[in-house]
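An overview of the molecular structure
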Amino acid sequence: MSGWGGGYVTDIAYMTGYYRHQSPSVMALACLLGGVASPMPGHDDPVSYLELGCGQGFGALILAASNPHWTVTAIDFNPAHVAAARAWAAQAGLDNVSFLEADLSTLAEDSASSQVPAADFVSMHGVWTWVPPAVQSGIVRLLRSKVKPGGAVHVSYNSLPAWGSALGMQRMVRDCGRRLGTRSDRQAEEGVKLVKELQAADAVQLKRSLLATSLINRIGIMPAPYLAHEYMHDSFAPCFHADVAGAFADAKLEWVGSVTLIENFPELTLTPEQRAVAQRFDDPLLSELMKDMCLERSLRQDVFVRGVRRMNPAVRDAALMDVWLALNISPEEMPYEAEMPAGRAALNRGFYGPITEAMAMGPRRVGDLLALPNLEGRRDNPAELIGILVGLDLAEPAARPGAEPTPQALRFNRVTLANLRRTENLGRQIAAASYALGTGAPCTLFDLYVVERVEAGDSEASIDDWMRDIGGNLDEEGRGKLREVFTKAFHVRLAILRAQGVF
Ligand SMILES: C[S@@+](CC[C@H](N)C(=O)[O-])C[C@H]1O[C@@H](n2cnc3c(N)ncnc32)[C@H](O)[C@@H]1O
């Protein structure tokens, strides 16, 4: 562990990743669902977006590539991260994103903070509960000086009480791993092995905790850089929602909702009995505490606003009716049942069927979808339609529906494929830049590969060439699966990505 990291892992770079919760349009939807004004970034709005602890900057790069007139600023104290992010921006020719190497514990008081513009939207993913208190308070001071009135801030963090039962597991991975390995990723791997051994030997604290058990089961498929950045820092302090809200209050930020959009709907999140208890309080902090007592999820994704303006329900619904949505799936893939925190929910086929059919050709306005002639069900609940479609990752908000792809976004997607195809599992979910969406279009590297080949003039008859190019070393079974992936990408995924304006 290096001295300058202050106990944070610095000897191995974090992996690239895209998290749609960091997107301003999703933050704005969370605000609207909570009845709080937060202007959905419009067609040409000169949005200023700031990311704190940006890692290698993939999320910031996608937002910059998707919105050429935004100003995107992203900060990280690891020079290897900043160098990688700057190189990527240069390769893609993006001139609206800057990466600043700075320590968040002191940046607010540093002259370098003059390089950070006032922000409409701020996001920090995977930072808050992994850094020491001095960094947290530095973040709050920076937010106090940089968030514009009306601006929104997204923060993700490991939350209590859910994380409580797995704290011993993290402590063991870290403290034992440090004795057994050298670099942080090796230490994490060694610590994980030991935890698994002790779990197999019936250690009560590992077997009784649902979270520890599910984390240990998933740990094997997590990349080592993820494990190092999740478990190996000196500081690892999951916290209660009210304590984050208390800290952010010093920056005049007020909690408004969750970017995990489903969580803004008590009827989808809590059982009737749980709601009956939770509704005894009209204090949102207490309601959230009760929600956290009832849910298993251990990572919260909150949105705060500086200067909350409550909307009356009619104004809020009018704003929601004006949201455009683009489908992430084909209509045939629409699930008519979904697992919600409050239990399994049926989604009315007579309602969602015509809606997804209407969205197959491209983004549609929520108000127009609810006015379709053949719908069975309520037409006056835009919140629920958005909550279900966006909340279940079935659709993305679209800032510029129907707009042609820009050279920046096309270049960025080509660079993404070139940079990641050498090192990544090609099936991993990432996202493509899209000017039409103004946010990432969810896809895999396989999808990007097929997009690039089809743009270069290939057809379905080229699948054999793609197999030779990508699947050279695979056995018979692997080749069969790869052919299926390419066939689906060609017949299903291309149409979706075209409708989302990716190419
Ligand atoms: C888990 S990573 C998350 C990266 C990115 N947000 C993502 O989700 O892919 C946390 C990031 O915070 C950065 N970080 C940690 N402490 C910091 C500090 N004091 N100042 C600036 N950046 C810091 C780390 O270098 C790392 O890139």
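Everything here concerns the structure above.
Model, not experiment: these values are computed from the prediction.

The subject of this paragraph is the overall build of the protein chain. A count of helical and extended segments in the protein chain gives 21 helices and 14 strands. A globule of 503 residues ought to have a C-alpha radius of gyration of about 23 Å, and the protein chain, at 23 Å, matches this closely. Considered along the principal axes of its C-alpha atoms, the protein chain spans approximately 60 × 60 × 55 Å. Classification of the 503 residues of the protein chain by burial places 56% in the buried group. Long-range contacts, defined here as pairs at least 24 residues apart, represent 76% of the contacts in the protein chain between residues at least 6 apart. Accessible area for the protein chain stands at about 20900 Å²; split by element, carbon and sulfur atoms hold 53% of it. Each charge class in the protein chain can be summarised by its mean position, and for the 47 positive and 58 negative side chains these summaries are 2 Å apart.

On to the pattern of salt bridges, then. Taken as a whole and assessed by the stated rule, the structure comprises 33 salt bridges. For the salt bridge of Arg310 with Glu254, the shortest nitrogen-to-oxygen distance reads 3.3 Å. Note that Arg310 is positioned in the loop between β7 (299-306) and α14 (313-321) and Glu254 in strand β6 (residues 253-258), a separation of 56 residues in sequence. Arg297 is the partner of Glu263 in a salt bridge, and the nearest nitrogen-oxygen pair spans 2.7 Å. Here Arg297 lies in the loop between α13 (284-294) and β7 and Glu263 lies in the loop between β6 and α11 (266-269), a separation of 34 residues in the sequence. The class of Arg297 is buried, set by a relative accessible area of 18%. Each of Glu263, Glu288, Lys291, Asp292, Arg297, Arg300 and Asp302 takes part in one network of salt bridges that share partners.

The immediate surroundings of the ligand are formed by 18 residues, with Gly53, Asp76, Asp103, Leu104 and His125 found nearest. Phe77 has a polar backbone atom sitting 3.2 Å from a nitrogen atom of the ligand. Asp103 is positioned such that a nitrogen or oxygen atom in its side chain is 2.9 Å from a nitrogen atom of the ligand. Protein contacts shield 97% of the accessible area of the ligand, which totals 590 Å² for the unbound molecule.

So, about the sheet that holds strand β1 (residues 48-52). Strand order in the open sheet formed by seven strands is β3-β2-β1-β4-β5-β7-β6, with mixed pairing between adjacent strands. Both outer strands of the open sheet, β3 (97-101) and β6, are each paired with one neighbouring strand and no more. Shown here is a sheet whose adjacent strand axes are inclined to one another by a mean of 20°, direction ignored.

Helix length check: helix α3 (residues 79-91), at 13 residues, gives a terminal C-alpha distance of 18 Å against a target of 18 Å (1.5 Å per residue), a fit within 8%. Of the residues making up α3, those classed as buried are His81, Val82, Ala85, Trp88 and Ala89. On an axial view of α3, the arc spanned by its buried residues comes to 130°, and they lie on one face. Its buried side turned inward, α3 meets α2 (58-66), β2 (71-76), β3, α9 (224-231) and α18 (407-420). Where α3 begins, the capping side chain belongs to Asn78, and its oxygen is found 2.9 Å from the backbone nitrogen of Ala80.

This paragraph deals with the nonpolar core. Membership of the largest hydrophobic core comes to 103 residues, with the highest contact counts inside it found for Phe99 and Phe412. Not counting residues within four places of it along the chain, the set of residues in contact with Phe99 comprises Cys54, Gly57, Ala60, Leu61, Ala74, Val82, Ala85, Arg86 and Ala89. Core analysis: the next-biggest nonpolar cluster, separate from the first, contains 60 residues, Val173, Val195, Ala212 and Ala228 among them.

Basis of the calculations
- Residues numbered from 1 in each chain as written.
- Predicted model: local features only at pLDDT ≥ 70, side-chain atom pairs only at ≥ 80, totals over all residues.
- Heavy atoms only, no water.
- Helix = DSSP H or I, 4+ residues; strand = E, 2+ residues; numbered from the N terminus.
- Rg over C-alpha atoms; globule rule 2.2 N^0.38 Å.
- Buried < 20%, exposed > 50% of the residue type's maximum accessible area, 1.4 Å probe, protein only.
- Contact = heavy atoms within 4.5 Å.
- Areas by Shrake-Rupley, 256 points an atom, 1.4 Å probe, with all protein chains shown as cover.
- Lys, Arg positive; Asp, Glu negative; His and termini not counted.
- Charge placed at Lys NZ, Arg CZ, Asp CG, Glu CD.
- Salt bridge = Lys/Arg side-chain N within 4 Å of Asp/Glu carboxyl O.
- Near = heavy atom within 4 Å.
- Polar contact = N/O pair within 3.5 Å; in protein donor to acceptor, adjacent residues only side chain to side chain.
- Pairing = 2+ DSSP bridges.
- Axes fitted to C-alpha atoms, helices over the stretch in contact; angles between N-to-C directions.
- Expected span 1.5 Å × (residues − 1).
- Arc of directions from axis to C-beta.
- Core = buried A, V, L, I, M, F, W, Y, C linked by side-chain atoms within 4.5 Å.

Function cannot be read off these values alone, since they describe shape.
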